[in-house]
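For reference, the chains in residue letters:
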Amino acid sequence: MAQPFKHDAASLLDFFSQSGRGFYIPYYQRNYSWDEENATKLIEDIFSSIKRTLTKPENSIFLGTVILHDEKNVQTGVHADTPNLLTKVANVVDGQQRITSIAMLACVIAEQISQTVPKLNALAGSAAEFNTLATELTDELPNIRKFFSVEITKTGAQPALKPKIIRAGDVSANPVSDQWTLSGPIDNFYRSNTSSFLSKFIAGISIDAIPTDERVGSVLRAFQEKISEEVQAADVALAIGLLSANGVVDGSLFSFMAYPPTWPNIGALDPDEQSVYYGGMLLLAVCAFLKNSCHLVVIECLDLGLAFDMFQSLNATGTPLTAFEVFKPQVVKAWGVGYSTAIKPQVDRIERVFETESNSSDKEELTDKVIVSSALVFNGMERSRRFSEERDWLTDTLEGSLTAGAPTQKSIDFVTTIADQAEYFLTFVKPRRSPKNSNKFGLCERLMLLGLSQQQADRAGLCVFYLKDAGHQFAHAVLSVFYSKLLRSQSSAANQVTAAADFVAVCEATAAFFTLYMGAQQARFPDSDYRALFQATTGNISFANGAANQSVSFVKAAFRQALENQKIYNASNAVLARQIWADLAKENAWYSRKAVCRFALLIAANDAAPDLTAGKEGFFTDGMANSADLLNCRVWHMTSYEVIEHVATRDQPSTIKFPAHFDGTIYPGNYSIVDKLGNLTLLSTAVNSSIYSEWPDKVFYYWNLTMPGSTAAGPSGTALAATLGIGSVPPSLSTLVAASSYQSHLAPLAFRGQGGQRWDEAFIAQRSEHLCQRVFDRLDAWLR
């Protein structure tokens, strides 16, 4: 009797490199559903595990189970357009999300290699090791390509490589989507979001130039940003560790470098050259680890029914223990008879937070987030959300805090830090976004209970809401340190006042740092700079090693230096810093970072009035304090400011009603001009969807939204319409104006239009510089 199924523990290279085999995702499978969070967890696991091999050489990753059922009848016109195109086609019954994501990750790695090799070759004159490393990376490409492509040896195959994974699609389409094609046009044969991406990447199109939907795009961005960040951050300590792991027989990174460097040659290079080499070493280690130390359990069933039965059995709901639940008995044992009075209150705080989750998966996810953050904040350790890494960190840190087996103050600080982090996540991270047009905010009320004034709580809340909406998760690590200090100050009124002021100042400084960082460059998030705040050997703010540095001045100085390191700031000279930053930011495409753009526009318009000086129509000038208070939680959630409006429309209007006001140079074929800060303002969704596209029409809207008591149908409105050349007033305008409050930030735009000045490329450039300078002046004050 034939065995009904076979199973194997396979490395990713073994799994993906089977010659002539493709993976087919049947019609009954869900759509591709990974998002940024899934992708981030995978890539962080990989980098964290690579670093863990430096102390645990045999470390590896288990990525789950894949269930396959070989297609007995590979149908021409369904699976492929040509008979016998592939040697073998496997239906993916379980695991399609993982293997598809790994294939996309391999594309990102392949592109990173292609970008790194020329940099190494360019430095070959400095040391022979650069050329050798470039060759080793190039030699990795054939194996990495096996993760996302299958080679077709049949005569006439164009190109020879095809997507490794395709999905069943619309069987009524002609040709059926997706299917492998001998030489047909890829847009016809690879139509699903994932197969379309793979086919275009194989065709040689760069990742950033491939159109994707938001889901695939978010996964690719997460992979790209993390890999780029890690490669750029690779330093001498990591390189030495990798070189040591290279020589550990049976280790996960054994001989990942066939030709290790002569270390004195690398030490003689200048720092920038060393950085390129260290990044190349890490990238080579990533290839080796992904190929050989990331594993799947592969189950291949002869019968499709059995495959479904296995799928149901393996995915049956259980209640697994979290890392903290496994760790708790060690805490009880360490404190012994003193447990209930000395540390149980902190353990209870932790468990109360975790018990807010109603199901095991959510509880596990919250536990993961709290422990990973606690590791960084307490002793600068970088840990992935893997059970084994979390458990090891908890155990090792507790044991390292004991003296002769007995708890110390460090032991209490350790558990208290986890409790503080749990409470921080419950208060700051877990809550969903407040409803639109809210007037009360639970976060602000909680901060007021801890001693912040209403004004302080509102400003801190604004910064937190902004950073959350921007997806800036690492900022929470810094804020949580000062939230811990606030919690620990409650027994002293004087300490409470100081801790409250410090918390607000750090919220402002973090928001300022992030905005300046992102505003002057379209780059990755500054995650590595936050890690450095907890990991730096010369000074950090971790609870275990840098409590003395947990001050506002230390954090601000670190933020200023981090900006200078990016060559977008001057840490010691505010005047020069303003010039450097504004010169870069005024040319940047702000629109692509929505939350950052909204925050900057509110910063620029806060307590501002129209500049009435001749030649400055359309600019702001400083108004009276609180005359236009836009930096608060209520405004951040108001519908009046929820949409970023392009004054000159993002795409050129199809018809031009006002040729005298049209500047064709605004549209060079991309968004490099229209996405600048100077061409943007804020409106409500209702107004934005109703407003006409050309400058005179927009002026009329802006004027109505900034003239309380006036109406479009009134005498002054009629006169302005005639002056602008508007023949008919939009019928919806009166209703929209009646439902809107005075929009002070639109007043300079209305003033410019009333005076007859044009909205052209030259003015967009001038206004961009003006707004960037205003943004800098406010935010730099928060950093000094």
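First things first, this report covers the structure right here in the doc. In this text, all values refer to a predicted model and were calculated from it rather than measured experimentally.

**Some words on the overall build of the protein**
Now for step 1: Of regular secondary structure, the protein possesses 32 helices and twelve strands.
Now for step 2: Over its C-alpha atoms the protein spans a radius of gyration of 29 Å, differing by no more than 12% from the 28 Å that the globule rule assigns to 784 residues.
Now for step 3: Within the span of the protein, comprising 784 residues, buried residues form 54% of the whole.
Now for step 4: Of the contacts formed within the protein by residues at least 6 apart in sequence, a portion of 74% connects residues at least 24 apart.
Now for step 5: Summed over its atoms, the accessible surface of the protein is roughly 32,600 Å², and 52% of this surface lies on carbon and sulfur atoms.
Now for step 6: Here the protein contributes 67 positively and 80 negatively charged side chains, and the mean placements of these two sets differ by 3 Å.

**Here we look at helix α21 (residues 493–519)**
Now for step 1: Taking 1.5 Å per residue, 27 residues should reach 39 Å; α21 reaches 39 Å between its end C-alpha atoms and fits that length.
Now for step 2: Taking burial as the measure, the 27 residues of α21 include 20 buried ones, the bulk of the element.

**A few points about the sheet that holds strand β1 (residues 5–11)**
Sheets are built from strands that pair by backbone hydrogen bonding, the pairs being arranged parallel or antiparallel.
Now for step 1: Read across the sheet, six strands follow the order β1-β8-β3-β4-β2-β7 without closing on themselves; strand pairing throughout is mixed. Because the sheet does not close on itself, it has two edges, and the strands there are β1 and β7 (165–167). Strand-to-strand twist in this sheet, taken as the mean axis angle between neighbours without regard to direction, amounts to 35 degrees.
Now for step 2: Where strand β3 (residues 61–70) meets strand β4 (residues 88–94), four bridges bridge the pair, whose relative direction is antiparallel. For L68, the partnering residue across the bridge sits in β4 and is V92.
Now for step 3: Against the sheet, helix α11 (residues 304–314) makes contact with β1, β3, β4 and β8 (294–301), and its axis sits at roughly 155 degrees relative to β3, the strand it touches most.

**Quick look at the pairing of strand β12 (residues 680–683)**
Now for step 1: Residue alternation in β12 divides its side chains into two sets, L680 and L682 and T681 and L683, and both sets are buried.
Now for step 2: Bridging between strand β11 (residues 643–646) and β12 involves four bridges; their strand directions are antiparallel. By the bridge assignment for β12, V643 is matched with L683.

**Points about the environment of K333**
Now for step 1: As for its position among the elements, K333 is in helix α12 (residues 323–335).
Now for step 2: When the C-alpha positions of K333 and R167 are compared, they lie 53 Å apart, and in sequence the two are 166 residues distant.

**Describing the pattern of salt bridges**
Now for step 1: Counted according to the given criterion, the structure contains 41 salt bridges.
Now for step 2: For K200, the salt bridge goes to D187, with nearest N and O atoms at 2.6 Å. You can see K200 sitting in helix α6 (residues 193–202) and its partner D187 sitting in helix α5 (residues 186–189), a full 13 residues away along the chain.
Now for step 3: With its nearest N and O atoms 3.0 Å apart, the salt bridge here joins K328 to E351. With K328 in helix α12 and E351 in helix α14 (residues 344–354), this residue pair connects regions lying 23 residues apart in the sequence.
Now for step 4: We classify K328 as partly exposed; its relative accessible area is 25%.
Now for step 5: What you see here is one network of salt bridges that share partners, running through K51, K226, E229, E230, E382 and R531.

**Describing the packing of aromatic side chains**
Now for step 1: In total, this model carries 39 aromatic pairs according to the counting rule given.
Now for step 2: Taking the centre distance of 4.8 Å and the plane angle of 10 degrees together, the rings of F15 and F23 count as stacked.
Now for step 3: Positioned over the ring face of Y671 is R650, at 3.7 Å from the centre of the ring.

**Topic: the packing of helix α3 (residues 96–122) against helix α4 (residues 128–145)**
Now for step 1: Between α3 and α4, whose axes approach to 9 Å, the crossing angle comes to 160 degrees. Put simply, α3 runs roughly antiparallel to α4. Handedness of the crossing formed by α3 with α4: left-handed. Contacts from A106, I109, A110, I113, S114, T116, V117, L120 and N121 of α3 reach α4 at F130, N131, L133, A134, L137, T138, E140, L141 and I144.
Now for step 2: Classifying every residue of the contact of α3 with α4 gives twelve nonpolar, five polar and one charged.

**Thoughts on a nonpolar patch on the surface**
Now for step 1: A grouping of Y27, Y28 and F308 is seen on the molecular surface, where their side chains present a nonpolar patch of about 350 Å² in accessible area.
Now for step 2: In this structure, F308 sits in helix α11.
Now for step 3: Judged by its relative accessible area of 32%, F308 falls in the partly exposed class.

**Examining the packing of helix α17 (residues 409–429) against helix α18 (residues 442–449)**
Now for step 1: The N-to-C vectors of α17 and α18 enclose an angle of 135 degrees; their axes lie 9 Å apart at closest approach. Between α17 and α18, the crossing angle belongs to the class labelled oblique. Where α17 abuts α18, its residues E423, T427 and F428 lie against L443, R446 and L447.
Now for step 2: Grouping the constituent residues of the contact of α17 with α18 by class yields three nonpolar, one polar and two charged.

**Overview of the side chain of E300**
Now for step 1: If you trace the backbone, E300 turns up in strand β8.
Now for step 2: There is a polar contact of 2.7 Å between the side chain of E300 and the side chain of R21.
Now for step 3: With residues up to four places along the chain from it excluded, the contact list for E300 reads P4, F5, K6, R21, L68, D70 and K88.

**Quick word on the nonpolar core**
Now for step 1: Core analysis: the largest hydrophobic core is formed by 120 residues, its most contacted members being L447, Y466, W581 and W590.
Now for step 2: Discounting chain neighbours no more than four positions away, the residues touching L447 are F428, L452, A457, A460, Y483, L486 and F503.
Now for step 3: One finds W34, I102, A134 and I144 within the second-largest nonpolar core, a separate group that totals 83 residues.

**Observations regarding helix α28 (residues 695–705)**
Now for step 1: Among the eleven residues of α28, eleven are classified as buried, and the element is accordingly described as predominantly covered.
Now for step 2: Every buried residue of α28 is accounted for by W695, P696, D697, K698, V699, F700, Y701, Y702, W703, N704 and L705.

**Points about the side chain of Q743**
Now for step 1: Positionally, Q743 belongs in the loop between α30 (733–738) and α31 (747–754).
Now for step 2: In contact with Q743, other than residues within four places in its own chain, are S640, Y641, L705 and T706.

**Focus: the environment of V504**
Now for step 1: Positionally, V504 belongs in helix α21.
Now for step 2: Through-space distance from the C-alpha of V504 to that of S551 is 12 Å; in sequence the pair is 47 residues apart.
Now for step 3: Dropping the residues within four chain positions of it, V504 is found in contact with L452, Q456, R459 and A460.

**Brief notes about unusual backbone geometry**
Now for step 1: With an omega dihedral of -10 degrees, the bond running from Q158 to P159 counts as a cis peptide bond.
Now for step 2: Relative to the helices and strands, P159 is located in the loop between β5 (149–151) and β6 (161–163).
Now for step 3: Positioned with a positive phi, A404 is a non-glycine residue whose angle comes to about 55 degrees.
Now for step 4: Tracing the chain through its elements places A404 in the loop between α16 (387–401) and α17.

**Let's talk about the state of the cysteines**
Now for step 1: In the structure shown here, the tally under the stated rule is zero disulfides.
Now for step 2: With no disulfide of its own, C597 has C772 as its nearest cysteine by sulfur position, at a separation of 10.0 Å.

Definitions and limits used
Residues numbered from 1 in each chain as written. Predicted model: local features only at pLDDT ≥ 70, side-chain atom pairs only at ≥ 80, totals over all residues. Heavy atoms only, no water. Helix = DSSP H or I, 4+ residues; strand = E, 2+ residues; numbered from the N terminus. Rg over C-alpha atoms; globule rule 2.2 N^0.38 Å. Buried < 20%, exposed > 50% of the residue type's maximum accessible area, 1.4 Å probe, protein only. Contact = heavy atoms within 4.5 Å. Areas by Shrake-Rupley, 256 points an atom, 1.4 Å probe, with all protein chains shown as cover. Lys, Arg positive; Asp, Glu negative; His and termini not counted. Charge placed at Lys NZ, Arg CZ, Asp CG, Glu CD. Expected span 1.5 Å × (residues − 1). Pairing = 2+ DSSP bridges. Axes fitted to C-alpha atoms, helices over the stretch in contact; angles between N-to-C directions. Salt bridge = Lys/Arg side-chain N within 4 Å of Asp/Glu carboxyl O. Phe/Tyr/Trp six-rings, centres within 6.5 Å; stacked < 30°, edge-to-face > 60°. Lys NZ or Arg CZ within 6 Å of the ring centre and 35° of its normal. Parallel < 35°, antiparallel > 145°, perpendicular 65-115°, else oblique. Left-handed = near helix turned anticlockwise from the far one by under 90°. Nonpolar A, V, L, I, M, F, W, Y, C, P; charged D, E, K, R; others polar. Patch = residues over 30% accessible without salt bridge, like charges linked within 9 Å, V, L, I, M, F, W, Y side chains within 5 Å. Polar contact = N/O pair within 3.5 Å; in protein donor to acceptor, adjacent residues only side chain to side chain. Core = buried A, V, L, I, M, F, W, Y, C linked by side-chain atoms within 4.5 Å. Disulfide = S-S within 2.5 Å.

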